[in-house]
Amino acid sequence: MATESCITGDPRVRQVELWSLREDVDLELDADQALMRTPWGVVRLKNLGTMAREALRRMTFGPVSLNNAVASRLKDAEGPGGSAGEIRGELAQLHTLLNQLQYLVVRSLAVESTDPPLISVVPMTRQAVFTLPDDISMPARLSRFASMRTEDGSLILESAMSLHRVVLHSPEAAYLVSSLARPCTAQDLARAQGLPEEAVLQIVRYLVAAGMVVLAQSGDPPGTGDGGAGPSFAEDRDPALITWSGRDLLFHTRSRRGRHDEPYGATYPFLGMVSPEPLLKTVPEGPRVELYRPPLEQLLVDDMSLTAALEQRRSVRCYADAPVTTDQLGELLYRSARVRAVFSTSEKDSGRPIATSRPYPSGGAAYSLEIYVTLGRGDGTTDRGIYYYDPHGHALVLVSRNENDVRELLYAAQTGAGLLAPPPVLLTMTSRFSRMSWKYRGMWYAAILKEVGVLQQTLYLVSTAMGLAPCALGGGDSDAAARAFGLDWRTESSVGEFILGPCSQEEGDARAGAAPTHLGMRDLVAQPVNDADWAVRCRGGSTPGS
């Protein structure tokens, strides 16, 4: 926060600084003290002077010029018995107070004191610090981490690098921001705008202080702009930021607490507005294949241990020349993704189903994920095609035999895994988004991706125990999946992929090894650390030198 006087008293300056408290701050004034209820707890202020009390009171009603807020007190000082020293003391207290409370104070700019603000800078965390730069003569540019969206009729400028958000109230302010897409000096920008020059310069100062605009540093090496020339900016060279895109960094910061003030967690934002997504998806109509249910008693005798499965787990991308059988698919899906139980309210409360239990965890037991199985090769019981897995009835339901769809999905998986041929089986995980978004704010999409990860790991471990060749993919084609499955991608879309095949003899023999088998990585030399031989020992084999 700037330490210079917030009261200019200069009638020649048309730009006006306005001050207000965040809308979620509740102020109670009593005698010479104040109580402020804030998102970060209660703040008690004691021994407030008249000027500070009046400024805080006025700031609760919206943006106010501090010149106007303290005008009556300044006038008192000019009357009989007025004390300039006392006024200076109250002004100092006000400056100190506003500096201490800056995480609760919204800073705005207007052209005239009677005009609505052009922009407002809103602090989002208790650590937010607003310091106006003294020198803005260097070229300025919109930060590559800044992005814009609409909210309540205004444009919102935000950045993962900032603990503030900027509200652009006017078209002039939005145009000014768009003009900063390319580096230019604030002075050049002021000459090209329809606003008073001092107002433009001050808006740029506010944007820099808010972290939305960055300044080139004097002495920086030449940049790499158009034609290889132009100013360079620290954020473009910072090793900690080079690998981040604006979208990825904003997603990271907004899906966790700490760098924003947006609603977060189980807030039930759409309660009473829309109905929640059903606990279980309506099973599509189509030919149905009942799947094999493995007997627990046999698994307890024959199955490998958890440690063995963990140590032998690996991504395998080559397969035996045979299909994955329907019974193998049935065992894998039963052990990994079936509905184990449905929990309901008591009968006196209508007996409404509210949750399920499955072998893998899900945030809030929402279980938004669905599995579609694309078979590249049938075994006679199931044919090549696209199937939906019914986790409650434990069956495959034919969705489509459209050859173009099957080929497109398998080809996307093939290229994603770096295979020379399509995989035998593709499991596509979709999410019914509102299963999570109806209950949670901020974190819900990140929670879906975590659910994909734990389901993929469960599939890995069960596949390894069964002697199959599993491999999770890093991404897929959401539009192709939506077309093939007949989905509206806005409500249910693919969020994870997993390929599968019968394990070849070569891979079966090598499974206990530690080296990855990614295409082009077979010549790696392993440097064993931390009991790298556990996989071999779990198989009852011998380690070199033993």
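Quick caveat: nothing in here was measured; it's all calculated off a predicted structure.

Some words on the confidence of the model for the chain
Here comes step 1: With 87% of its residues at a pLDDT of 70 or more, the chain shows a mean pLDDT of 88.
Here comes step 2: Confidence drops under pLDDT 50 across residues 1-13; counting only partners more than four residues distant or on other chains, this segment forms 26 contacts.
Here comes step 3: Contacts of residues 221-227 to residues separated by more than four positions or lying in other chains number 11 contacts, the stretch itself having pLDDT below 50.

With respect to the sheet that holds strand β6 (residues 119-123)
Here comes step 1: Strand order in this open sheet of 6 strands is β1-β5-β6-β10-β9-β8, and the pairing throughout is antiparallel. A strand with exactly one partner marks an edge of an open sheet, and here the two such strands are β1 (16-21) and β8 (146-151). Strand-to-strand twist across the sheet, computed as the mean angle between neighbouring axes with direction ignored, equals 25°.

A word on the packing of helix α13 (residues 403-417) against helix α16 (residues 478-485)
Here comes step 1: Where α13 contacts α16, the two axes come as close as 10 Å, and the packing angle between them is 150°. Viewed along their axes, α13 and α16 adopt a mutual orientation that is roughly antiparallel. In the crossing of α13 with α16, the sense of the turn from one axis to the other is left-handed. Where α13 approaches α16, its residues Asp 405, Glu 408 and Leu 409 are matched on the opposing element by Ala 480, Ala 481, Arg 483, Ala 484 and Phe 485.
Here comes step 2: For the contact of α13 with α16, the per-class residue count stands at 5 nonpolar, no polar and 3 charged.

Here we look at the pairing of strand β22 (residues 492-502)
Here comes step 1: Across the 11 residues of β22, 11 count as buried, placing the element largely inside the fold.
Here comes step 2: Bridging between strand β19 (residues 425-432) and β22 involves 8 bridges; their strand directions are antiparallel. By the bridge assignment, Leu 427 is partnered in β22 with Phe 498.
Here comes step 3: Taken together, the 6 bridges between strand β21 (residues 468-473) and β22 define a ladder with antiparallel strand orientation. Paired with Ala 469 across the bridge in β22 is Gly 501.

Brief notes about the environment of Ala 446
Here comes step 1: Checked against the element boundaries, Ala 446 lands in helix α15 (residues 444-466).
Here comes step 2: With 194 residues separating them along the chain, Ala 446 and His 252 place their C-alpha atoms 8.5 Å apart.
Here comes step 3: If we skip the residues at most four places from it in the chain, Ala 446 touches Phe 251 and Ser 255.

Regarding the environment of Ser 362
Here comes step 1: Mapped onto the elements of the fold, Ser 362 is located in the loop between β15 (353-357) and β16 (369-375).
Here comes step 2: Using a relative accessible area of 15% as the deciding quantity, one classes Ser 362 as buried.
Here comes step 3: When the C-alpha positions of Ser 362 and Val 454 are compared, they lie 8.4 Å apart, and in sequence the two are 92 residues distant.
Here comes step 4: Residues within four places of Ser 362 in sequence aside, it is in contact with Tyr 367, Ser 368 and Glu 451.
Here comes step 5: At 2.8 Å, the side chain of Ser 362 forms a polar contact with the backbone nitrogen of Tyr 367.

A closer look at the state of the cysteines
Here comes step 1: For the structure on display, the rule yields 0 disulfides.
Here comes step 2: In this structure Cys 318 is not part of a disulfide, and its nearest cysteine sulfur, from Cys 503, lies 7.4 Å away.
Here comes step 3: Relative accessible area serves as the criterion here: at 21%, Cys 318 is assigned to the partly exposed category.
Here comes step 4: For Cys 503, a relative accessible area of 19% translates into the label buried.

Structural notes on the pattern of salt bridges
Here comes step 1: With the rule as written, the count across this model stands at 31 salt bridges.
Here comes step 2: The salt bridge involving Arg 57 is made with Glu 54; its shortest N-O contact spans 2.8 Å. Placement of both Arg 57 and Glu 54 in helix α1 (residues 50-59) is noted, with a separation of 3 residues, approximately one turn of the helix.
Here comes step 3: According to the relative accessible area criterion, Glu 54 is partly exposed, its value standing at 22%.
Here comes step 4: Note that Asp 383 and Arg 401 form a salt bridge whose closest N and O atoms lie 3.6 Å from each other. With Asp 383 in the loop between β16 and β17 (385-390) and Arg 401 in the loop between β18 (395-400) and α13, this pair connects stretches of sequence that are 18 residues apart.

What counts and how
- Residues numbered from 1 in each chain as written.
- Predicted model: local features only at pLDDT ≥ 70, side-chain atom pairs only at ≥ 80, totals over all residues.
- Heavy atoms only, no water.
- pLDDT = per-residue confidence, 0-100.
- Contact = heavy atoms within 4.5 Å.
- Pairing = 2+ DSSP bridges.
- Helix = DSSP H or I, 4+ residues; strand = E, 2+ residues; numbered from the N terminus.
- Axes fitted to C-alpha atoms, helices over the stretch in contact; angles between N-to-C directions.
- Parallel < 35°, antiparallel > 145°, perpendicular 65-115°, else oblique.
- Left-handed = near helix turned anticlockwise from the far one by under 90°.
- Nonpolar A, V, L, I, M, F, W, Y, C, P; charged D, E, K, R; others polar.
- Buried < 20%, exposed > 50% of the residue type's maximum accessible area, 1.4 Å probe, protein only.
- Polar contact = N/O pair within 3.5 Å; in protein donor to acceptor, adjacent residues only side chain to side chain.
- Disulfide = S-S within 2.5 Å.
- Salt bridge = Lys/Arg side-chain N within 4 Å of Asp/Glu carboxyl O.

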